[in-house]
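Remarks on the overall topology
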Amino acid sequence: MLFGYAGKILRIDLTSGNVRKDPLPPELAERFLGGRGFVARLLWEELPSGVDPFAPDNILIIAAGPLSGHLLPASGKTHFGTKSPATGGYADSNMGGHFSPALKYAGYDVLILTGRAAQPSLVKIDDNEVEIRPAGDCWGAGALDTEERLKKDLGEDFQIITIGPAGERLVRFACISHDFGRQAGRTGAGAVMGSKNLKAVAVRGSGSLPVYDLAGAYQKGREAYQKVKAKPGFAGWTPEGTAGITDWVNEVGVFPTRNFQTSFFEDYKKINGRAVVEKLKITDKGCFCCPTPCGKYGRAETALGSAFVEGPEYESIALLGGSCFLNSIHEVGFANHVCDQLGLDTISSGAVAGWAIECFEKGLLSKEQVGREIRFGDLDSLVYLFNRIAFREGIGDLLAEGVKRASRKIGRGSEDFAIHVKGLEWSGYECRNAPGMMLAYMTADVGAHHNRAWVLGHDVAGSAASVHDLISGGGRAEKMPKSPVSGKSEKVMELQHIRPLFDCLGICRLQYMELGFEVENYEELFFLITGQRLSWEQMLKISERVWHLTRSFSVREIPDFGRKYDYPPARFHQEPVPTGPNKGHLLTQEELELLLDEYYQARGWDKNGIPTSQTLEKQGLEDVAQTLAKKS
Amino acid sequence: MKPVVLKAIHDRCSGCRACLLACSLDNFREMTVSKAALGIQGRFPAPGDYRVLLCDQCGACAEACPTEAIRETEGRYLIDHDLCMGCLSCVEACPKGVMFAHPSLDEPIKCTLCGACVAICPRGALVLERRA
Amino acid sequence: MNLTLTLSGGLRAVLSDLPERMELDLDRPAMVWEILLRAGINPGLAMMVFLDGRRADLDQVVEYDCELTVVGPAAGG
């Protein structure tokens, strides 16, 4: 028996309506753990090579981890994987909430969706019963409205994922929504769901999970909560959640501002964590079993209207607030709500809108093309753009393709400030003086995403200002010295294994990352729940294997994939930061080459960034090595 | 032991449902949220908050029970497993909606005031108070 | 003046050789950032600081026995 896991893979083919339940292969669990590991391996094994992301043959995988649904801090993470509409390569996205526990209580660790339904549909999973039913009026409705309707129709105890109009219309950065404000936001997984004519999945489970040592796991789980509560920072970090970092990123000059033109926003205190708590918040909103709920649910009031919204969390503040230059937390919250309802990723949406506004300012997009004037700092411009994008109307049809494709079409230098890597828009950290973080963005498997390795603290530590500067600045340096570029790969690689390991386990990393909840606790809980003795180091080895696998997936799926896909936009190596603590800094082309050279070598990849056969075999990925060898 | 009552401070609840898991674990030795004797209601999108649904030992279940299987002892109403015939009249009669039926159980699930939910709640949203 | 300095996991991940808890003896009132420098912590890494659990600024003066908690930078989203 596989303790900890629910034990089954549920396959639903939306073309034929066939439903299949297979036992979870023990070998899959042993070699890839769960969650992200399952997604990566099953995509490699089951996705027919070369399919279009929007073809019925693309597959959408939803996976829980071995620890999802168990009694330990924040065990409610759900992992999504598919072939990326944004990059054409490996895609995954992770979401908090309550979905994966419900999926497991219903009996499944993994849900694999294939094909395309003949008509807009919903999937309802109630323990053993699986039903595909017409989406009816839900098709066309907002992502939040759809969830509200389905909760009323099916019952409060169903956990539901939905897409909005953006997913239905295949916007390449459409997200999957859950629990009125949680999203699998990145890589366009919502558009893949839309391409399958699938509006929502609702799941309810009444079963129990098999546990190796139930009494021990219960006891240790209870202790875990006590330990987390006793950690320094427990009481302090939670009230503002992720938005609490807004001040710091400005004070050290890494806050994306005006489409990443600069890295410091003068009005940052108007859109920081304190503003969220004091002006918007109604309640803290937690994921499953979370002792430190970072979700802030509140109400935003603006001249354009009022709305309930979960958030804004930090990334939405950075991209909608900083990059689009909104200086009111109410306006950031409202823009966030508009994206949530339309089913748009707030990160990519902010990046796309910022790029479009800069194009407009520079005369690369005309008033006729856009349909009106658009400006930084103008909520009305954003709401207009987001609606155009979600419904692919007018200029929205171009912008719905994301900044990489749109800038290729517009040309005339607009590629230089299209802020993305591999076709995925950049999230909330500007890196012209953060070489480690820059490398993390360049080499993240899904594109420019921060949640593979967050190295910023180390970059800032590395560029430590002199005591003299600190004294004259009251503890903050007015001007940050340049952070050393060489020697970043080791830390980037270490962190690229840690964060994704939590995505394999199906739990949140924040208690570990923010509060320092020790790895020994996870090792012990993993043993009591699964009966498998794995050290943290051994688990990290699995995470490392997954890292090579996801890179190989992109090599297999993108014909000319390699080093040229790992560069940031020209803005970051051609334009020095114009204002703020990092004024004057940039990373030169040579420095970017150095970062990649050191990283590839340390990874065991060739100079073009392709994993070598030897490296893949060392990771136990012989079949992957053979496939890549055939390709080359 | 003095009689106690379970109370919720609703505004502290963040909807994590650890209480449901602890309740199922303590009373049924099972890792699930579906065998819990309390509930969490997320009121979204509006008004945007959580309510904890819990048993205040009002005794309506005992009154509804045709076999007198639910009896009060020191402020707690407990089910006598020998007398319960699983008719679930009490589930219908419960004014708070916190007597639960489960497909795998012959008897309803009722709060025993064990305090497992109070002990686990990371928010201090549940308290056991001495009855006035 | 006795000060207990506690450091969050996010901070200790960056400054790995520092303990979770330190006792400091100060001979005179000092600003938060000065105390951090004295303890070997770059104040630039302090995302938030708390004095006896209440949010404080880096230039706040500490003049009584208390617990100073430093939360290091940690990404969200």
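Look above for the structure.
For clarity, every value in this text was computed on a predicted model and none was experimentally measured. (Residues numbered from 1 in each chain as written. Chains lettered and ligands numbered in written order. Predicted model: local features only at pLDDT ≥ 70, side-chain atom pairs only at ≥ 80, totals over all residues.)

Some remarks on the overall build of chain A
Helix and strand counts for chain A stand at 28 helices and 17 strands. Along the longest, intermediate and shortest principal axes, the C-alpha atoms of chain A span 60 × 55 × 50 Å. Going through the 632 residues of chain A one by one, you find that 66% of them count as buried. Across chain A, contacts joining residues at least 24 apart in sequence account for 72% of those joining residues at least 6 apart. (Helix = DSSP H or I, 4+ residues; strand = E, 2+ residues; numbered from the N terminus. Buried ≥ 20, exposed ≤ 12 C-beta atoms within 10 Å, placed from the backbone. Contact = placed C-beta atoms within 7 Å.)

As for the arrangement of the chains
The protein chains that touch form two pairs of chains, and the pair with the most contacts between them is chains A and C. Without any contact between them, chain B and chain C keep their closest C-alpha atoms 16 Å apart.

A look at the interface of chain B and chain A
The interface of chain B with chain A comprises 25 residues on the first partner and 30 residues on the second. Only α1 (18-28), β3 (49-53) and α4 (116-120) of chain B provide two or more residues apiece to the side of chain B that touches chain A. Broken down by class, the residue content of the side of chain B that touches chain A amounts to 14 nonpolar, seven polar and four charged. (Nonpolar A, V, L, I, M, F, W, Y, C, P; charged D, E, K, R; others polar.)

Section: the pairing of strand β4 (residues 78-83) of chain A
Residue and element names in this part refer to chain A. Taking burial as the measure, the six residues of β4 include six buried ones, the bulk of the element. Of the two faces of β4, the one carrying T78, F80 and T82 and the one carrying H79, G81 and K83 are both buried. When strand β3 (residues 60-63) meets β4, the two strands line up antiparallel, connected through three bridges. Bridge pairing links I61 to G81 in β4. Across six bridges, the pairing between β4 and strand β5 (residues 90-95) is antiparallel. For F80, the partnering residue across the bridge sits in β5 and is S93. The antiparallel hairpin formed by β4 and β5 contains six residues in its connecting segment, where G88 sits at a positive phi of about 80°. (Pairing = 2+ DSSP bridges.)

Some points on the environment of R182 of chain A
All names here are of chain A. Among the secondary structure elements, R182 is positioned in strand β11 (residues 182-184). Here R182 falls in the buried class, since 24 other C-beta atoms lie within 10 Å of it. Apart from residues lying up to four places away in sequence, R182 is in contact with M95, G96 and G97.

Looking at the interface of chain A and chain C
Each partner contributes to the interface: chain A provides 40 residues, whereas chain C provides 29 residues. Only α8 (234-237), α11 (314-322), α19 (456-462), α20 (467-472) and α22 (510-513) of chain A provide two or more residues apiece to the side of chain A that touches chain C. Broken down by element, the side of chain A that touches chain C gets its largest block of residues, five residues, from α19 of chain A.

Considerations on the packing of helix α24 (residues 536-557) of chain A against helix α28 (residues 622-631) of chain A
The geometry of a pair of packed helices is captured by two quantities: the angle between their axes and the separation between those axes. All names here are of chain A. Their axes nearest at 10 Å, the elements α24 and α28 cross at an angle of 25°. Looking at the two axes, α24 sits roughly parallel to α28. In this structure, α24 crosses over α28, and the sense of that crossing is left-handed. Along its contact with α24, which presents L549, S552, V555 and R556, the element α28 presents V624, T627, L628 and K631. (Axes fitted to C-alpha atoms, helices over the stretch in contact; angles between N-to-C directions. Parallel < 35°, antiparallel > 145°, perpendicular 65-115°, else oblique. Left-handed = near helix turned anticlockwise from the far one by under 90°.)

Comments concerning the nonpolar core
With 278 residues, the main nonpolar core has L344 and A356 of chain A together with L38 of chain B as its most contacted residues. At nine residues, helix α13 (residues 346-361) of chain A tops the list of elements feeding residues into this core. Ignoring anything within four residues of it in the chain, the contact list for L344 of chain A reads A166, V171, F173, A174, C175, C339, S349, F386, I389 and A390 of chain A. (Core = buried A, V, L, I, M, F, W, Y, C linked by C-beta atoms within 7 Å.)

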